[in-house]
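What follows is each chain in one-letter form.
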Amino acid sequence: MFKGFQSRTVLREGVPLNSRVAGEGPPLLLLHGHPQTLAMWHRVAPALAGCFTVVLMDLRGYGDSARPATDADHRAHSKREMALDALAVMAQHGFDHFGVLAHDRGARVAHRLAADHPQAVQRLMLLDIAPTLAMYGQTSEDFARAYWHWFFLIQPPPLPEALIASDPVRYVRSVMGSRHAGLAPFDPAALAEYERCAALPGTATSICEDYRASAGIDLEHDRADVVAGHRLMQPLRVFWGEYGTVGRCFDVLSLWRERAHQVTGQALPCGHYIAEELPERVIAEAVPFFTP
């Protein structure tokens, strides 16, 4: 799926992080969502590599990156730690400032990366999320039913991870197949990669810890930003699926305008998995946005 991309493992504080790179030009980091891996960019990254130096990475706990040990406050799986991972990966590839295109969980990492390291992130494009703090704070019955996994995964161990680990393929297919278009948008090779990585030892625990962090320590970090009046200074472009849950349940643009100074965006005619449902549109939007 990534012909011409070179693989590289970056070690940060004992956590190996899987990455791939290709292309020439301005650096662009791509971050995936749940329960996926960097493979989700297979329809987008090769084309973008014609204009940018594209860096893909698996978030800690996903793909072929390591599954760190758990801790009481879930700090090891916080978006702040994941943002530091992204910073380390880009530094190892030779970049100290770059653009970020990110989806789902990766977009939450990208938000924290831009907030904590504004000197590093030049521009930001986020796919199908509203700010985490707002989504938890404004949860409705409609949202809770559609995003049931947000509330299942944060339950105390060991039940959620045990249920996932008992049949990780079923978990992946249940979560991804319950969206707007079912499993139809996914290339069989990409889906097989998501399933392979979901079955790796420790994945179920890391998935749960990722969400527990989002409902705990990540919210503390977000609230601290709000109290301090910190807003993203970078140009931010956001897209959400017209047939997805995020746009139906939240006023995406208004919520991001509370958290960033320069925000544009719109709904696209697809569901949650924008990069796999509308790859040509993502490419067409990303090239002019990230071109200096």
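Everything here concerns the structure above.
Below, the structure is looked at part by part.

Cut-off values and rules
- Residues numbered from 1 in each chain as written.
- Predicted model: local features only at pLDDT ≥ 70, side-chain atom pairs only at ≥ 80, totals over all residues.
- Heavy atoms only, no water.
- Helix = DSSP H or I, 4+ residues; strand = E, 2+ residues; numbered from the N terminus.
- Rg over C-alpha atoms; globule rule 2.2 N^0.38 Å.
- Buried < 20%, exposed > 50% of the residue type's maximum accessible area, 1.4 Å probe, protein only.
- Contact = heavy atoms within 4.5 Å.
- Phe/Tyr/Trp six-rings, centres within 6.5 Å; stacked < 30°, edge-to-face > 60°.
- Lys NZ or Arg CZ within 6 Å of the ring centre and 35° of its normal.
- Expected span 1.5 Å × (residues − 1).
- Salt bridge = Lys/Arg side-chain N within 4 Å of Asp/Glu carboxyl O.
- Pairing = 2+ DSSP bridges.
- Axes fitted to C-alpha atoms, helices over the stretch in contact; angles between N-to-C directions.

## Some points on the overall build of the protein chain
Okay, step 1: The helix and strand inventory of the protein chain stands at 15 helices and eight strands.
Okay, step 2: Against the globule reference of 19 Å for 292 residues, the protein chain gives a C-alpha radius of gyration of 17 Å, in line with a compact fold.
Okay, step 3: The C-alpha extent of the protein chain, read off along each of the three principal axes, is 45 × 40 × 40 Å.
Okay, step 4: When each of the 292 residues of the protein chain is scored for burial, the buried share is 58%.

## What to know about the side chain of Thr37
Okay, step 1: Position of Thr37 among the secondary structure elements: in the loop between strand 3 (27-31) and helix 1 (45-48).
Okay, step 2: Sequence-distant contacts of Thr37, that is, excluding residues within four places in its chain, are made with His32, Asp58, Gly63, Glu193, Tyr194 and Cys197.

## Overview of the packing of aromatic side chains
Any aromatic ring pair is given by two values, namely how distant the centres are and how the planes are angled relative to each other.
Okay, step 1: Within this structure, the stated rule accounts for twelve aromatic pairs.
Okay, step 2: Geometrically, the ring pair formed by Trp148 and Phe152 is tilted, given 6.0 Å between the ring centres and 45° between the ring planes. Of this pair, Trp148 and Phe152 both sit in helix 6 (residues 148-152), separated by four residues, roughly a single helical turn.
Okay, step 3: Residue Trp148 is classed as partly exposed on the basis of its relative accessible area of 34%.
Okay, step 4: Taken together through their ring pairs, the aromatic side chains of Tyr136, Phe143, Tyr147, Trp150, Phe151 and Phe250 make up a single cluster.
Okay, step 5: The side chain of Arg105 reaches across the aromatic face of Trp150, ending 5.9 Å from its centre.
Okay, step 6: Sitting over the face of the ring of Tyr211, Arg105 holds its NZ or CZ atom 3.7 Å from the ring centroid.

## Let's talk about helix 11 (residues 217-228)
Okay, step 1: The terminal C-alpha atoms of helix 11 lie 17 Å apart, and with twelve residues this matches the ideal 16 Å at 1.5 Å per residue to within 8%.
Okay, step 2: All buried positions along helix 11 are accounted for by Ile217, Asp218, Leu219, His221, Asp222 and Asp225.
Okay, step 3: Where helix 11 is buried, its residues touch helix 2 (79-92), helix 3 (104-116), helix 4 (132-137) and helix 10 (203-214).
Okay, step 4: Just beyond helix 11, the residue with positive phi is Gly229, at close to 75°.

## Quick word on the pattern of salt bridges
Okay, step 1: Enumeration according to the criterion identifies 22 salt bridges in this entry.
Okay, step 2: The partner of Glu285 in a salt bridge is Arg281, and the shortest N-O contact between them spans 2.9 Å. On the criterion of helical spacing, the pair formed by Glu285 and Arg281 is a turn pair, its members being four residues apart in helix 15 (residues 279-290).
Okay, step 3: Three or more residues joined by partner-sharing salt bridges are found here, namely Arg80, Arg112, Asp116, Asp222, Asp225 and Arg259.

## Comments concerning the sheet that holds strand 3
Okay, step 1: Spatial ordering of the open sheet is given by 1-2-4-3-5-6-7-8, a layout of eight strands whose pairing is mixed. With one partner strand each, in any of the chains shown, strand 1 (6-12) and strand 8 (260-268) form the two edges of the open sheet. Geometrically, the sheet is characterised by an average inter-axis angle of 20° between neighbouring strands, direction not taken into account.
Okay, step 2: Here helix 3 sits on the sheet and contacts strand 3, strand 5 (98-103), strand 6 (121-127) and strand 7 (232-241); the angle it forms with strand 5, its principal contact strand, is near 145°.
Okay, step 3: Against the sheet, helix 15 contacts strand 3, strand 5, strand 6, strand 7 and strand 8, and its axis sits at roughly 160° relative to strand 6.

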